[in-house]
Amino acid sequence: MTYIAADDRYESMTYRRTGRSGLELPLVSLGFWQNFGEDRPLEVQRAIVRRAFDLGVTHMDLANNYGPPYGAAEVNFGHLMRTDLAPYRDELVISTKAGWDMWPGPYGDHGSRKYLRASLDASLQRMGLDYVDIYYHHRPDPETPLEETMTALADAVRAGKALYVGISSYGPKRTAEAARILRELGTPLLIHQPSYSMFNRWVEPELLDVLEREGVGCIPFTTLAQGLLTDKYLDGVPEGSRASRGGSLDRSALTDENLARIRGLNAIAADRGQTLAQMALSWVLRDQRITTALIGASSVEQVEDNVAAATRVDFTDAELAAIDEHAVESGVDLWAGARDAGD
């Protein structure tokens, strides 16, 4: 059946301007890191993407190595673009990234001009696109001169293969330097994608101030701490959950201390009339320096629940103080090593 987007798709979603740019993004963006590889039925992926767009989620965030296997998320999204979303291309913001390992050998990883250029061409081919709206360097690379990496991003814009550029998981010092280089190249840094949640608050002491000063937007990922900040694990590890499969969320994160924090936060969320997942997203979005929050979704219901959080980004001082008692570093920042190496 031919997909026709909902007529009211822009009536309830709020959009924020990205830094000092002219680009507005929805408060909730759909990430393709999990649930969009060959391990998930394409019809489930189609239902998620259609429902997200019907709810005003115009931003779709991918990367070259999202899968499994690597590249599969872009291939699947490209299929959905052709079958469902092609008439709405000008209403969509589509991003992709390169910087982690993608193919064997020295030219399929890190931050060289050769890797970034080849990866973008391959991503565009997989998705069947002429350009992406945002092209990111996915992580800092201390072995490659920052000027080379940033020039490669700027060149993608000059070549018409990207409209804007971004960085991910950069520390404050390297972010400021990247912004300076890009500004001098005439391609301002649009946005930064850091990990950030109530259990991973590293952006607060310095990075958000740097982004505000440089006029750069912010799009946090793992806002639910890879599922910890939900009610999923309150009574154990359910079969099929991320913790049960291993990988990016290990069972070792489910310590007694973390479970006590989750229960405390869950009680606060209930008092607000929200689920814990909804409150976790609302909490990230409470700061106006945050442009949009990335969500991952394995079902239409998750999309609907997460988008509902965008209507409740206000907190009382008492609520924030209560949350602060439980919202502490909890050993879920998997990207600290790469960030610290580059800063």
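Data block above holds the structure.
The structure displayed is predicted, hence computed values, not measured ones.

Scoring rules and cut-offs
Residues numbered from 1 in each chain as written. Predicted model: local features only at pLDDT ≥ 70, side-chain atom pairs only at ≥ 80, totals over all residues. Heavy atoms only, no water. Helix = DSSP H or I, 4+ residues; strand = E, 2+ residues; numbered from the N terminus. Rg over C-alpha atoms; globule rule 2.2 N^0.38 Å. Buried < 20%, exposed > 50% of the residue type's maximum accessible area, 1.4 Å probe, protein only. Contact = heavy atoms within 4.5 Å. Pairing = 2+ DSSP bridges. Polar contact = N/O pair within 3.5 Å; in protein donor to acceptor, adjacent residues only side chain to side chain. Phe/Tyr/Trp six-rings, centres within 6.5 Å; stacked < 30°, edge-to-face > 60°. Lys NZ or Arg CZ within 6 Å of the ring centre and 35° of its normal. Salt bridge = Lys/Arg side-chain N within 4 Å of Asp/Glu carboxyl O.

Topic: the overall build of the protein
So, step 1. Looking only at helices and strands, one finds 12 helices and 10 strands in the protein.
So, step 2. Its C-alpha radius of gyration of 19 Å places the protein within 12% of the 20 Å reference for a compact globule of 343 residues.
So, step 3. Over its C-alpha atoms, taken along the principal directions, the protein stretches across nearly 50 × 50 × 40 Å.
So, step 4. When each of the 343 residues of the protein is scored for burial, the buried share is 58%.
So, step 5. A sequence separation of at least 24 residues applies to 76% of the contacts in the protein between residues at least 6 apart.

Thoughts on the sheet that holds strand β9 (residues 217–218)
So, step 1. Strand order across the open sheet formed by 8 strands is β9-β8-β7-β6-β5-β4-β3-β10, with parallel pairing between neighbours. With partners counted over all chains shown, the strands left at the sheet margins are β9 and β10 (293–295), one partner each.
So, step 2. Pairing of strand β4 (residues 59–61) with strand β5 (residues 93–98), which is carried by 3 bridges, proceeds in the parallel orientation. Across the sheet, residue aspartate 61 finds its bridge partner in β5, namely serine 95.

Thoughts on the side chain of threonine 175
So, step 1. Relative to the assigned elements, threonine 175 resides in helix α5 (residues 172–185).
So, step 2. Polar side-chain contacts of threonine 175 include one of 3.5 Å to the side chain of histidine 192.
So, step 3. Setting aside its immediate chain neighbours within four residues, threonine 175 contacts Ile167, Tyr170, Leu189, His192, Leu207, Val210 and Leu211.

Observations regarding the packing of aromatic side chains
Ring pairs (aromatic) are described by centroid distance and by the angle formed between their planes.
So, step 1. Scanning the model with the defined rule gives 9 aromatic pairs in all.
So, step 2. Between tryptophan 33 and tryptophan 335 the ring centres are 6.0 Å apart and the planes differ by 70°, which places this aromatic pair in the edge-to-face class. With tryptophan 33 in the loop between β3 (28–31) and α1 (42–54) and tryptophan 335 in the loop between α11 (317–324) and α12 (336–342), the pair connects residues that are 302 residues apart, well separated along the chain.
So, step 3. For tryptophan 33, a relative accessible area of 31% corresponds to the partly exposed category.
So, step 4. Exposure remark for tryptophan 335: the relative accessible area of 11% places this residue in the buried category.
So, step 5. These aromatic residues form a ring-pair network of at least three members: Tyr3, Phe53 and Tyr88.
So, step 6. A cation over a ring is seen here: arginine 272 above phenylalanine 315, with NZ or CZ 3.8 Å from the ring centre.
So, step 7. The ring of tryptophan 283 has arginine 286 lying over it, and the distance from NZ or CZ to the ring centre is 3.9 Å.

Structural notes on the pattern of salt bridges
A side chain of one charge can pair with a side chain of the opposite charge when the charged atoms of the two come close.
So, step 1. In this structure the tally under the stated criterion is 25 salt bridges.
So, step 2. Taking the shortest distance from any N to any O, the salt bridge between arginine 89 and aspartate 133 comes out at 3.0 Å. One end of the pair, arginine 89, is in the loop between α2 (72–85) and β5; the other, aspartate 133, is in strand β6 (residues 132–137), with 44 residues separating them in the sequence. Residue arginine 89 shares its accessibility class with aspartate 133, and that shared class is buried.
So, step 3. Among the ionic contacts, a cluster of salt bridges with common partners joins Glu43, Arg46, Arg50 and Asp84.

A look at unusual backbone geometry
So, step 1. The residue after glycine 67, namely proline 68, is reached through a cis peptide bond having omega 5°.
So, step 2. For proline 68, the position within the fold is in the loop between β4 and α2.
So, step 3. Between proline 68 and proline 69 the backbone carries a cis peptide bond, its omega angle lying at -15°.
So, step 4. The residue histidine 110 is not glycine, and still its phi comes out positive at about 75°.
So, step 5. Since its relative accessible area comes to 36%, histidine 110 is described here as partly exposed.
So, step 6. The backbone of glutamine 226 shows a phi angle near 60°, a positive value even though the residue is not glycine.

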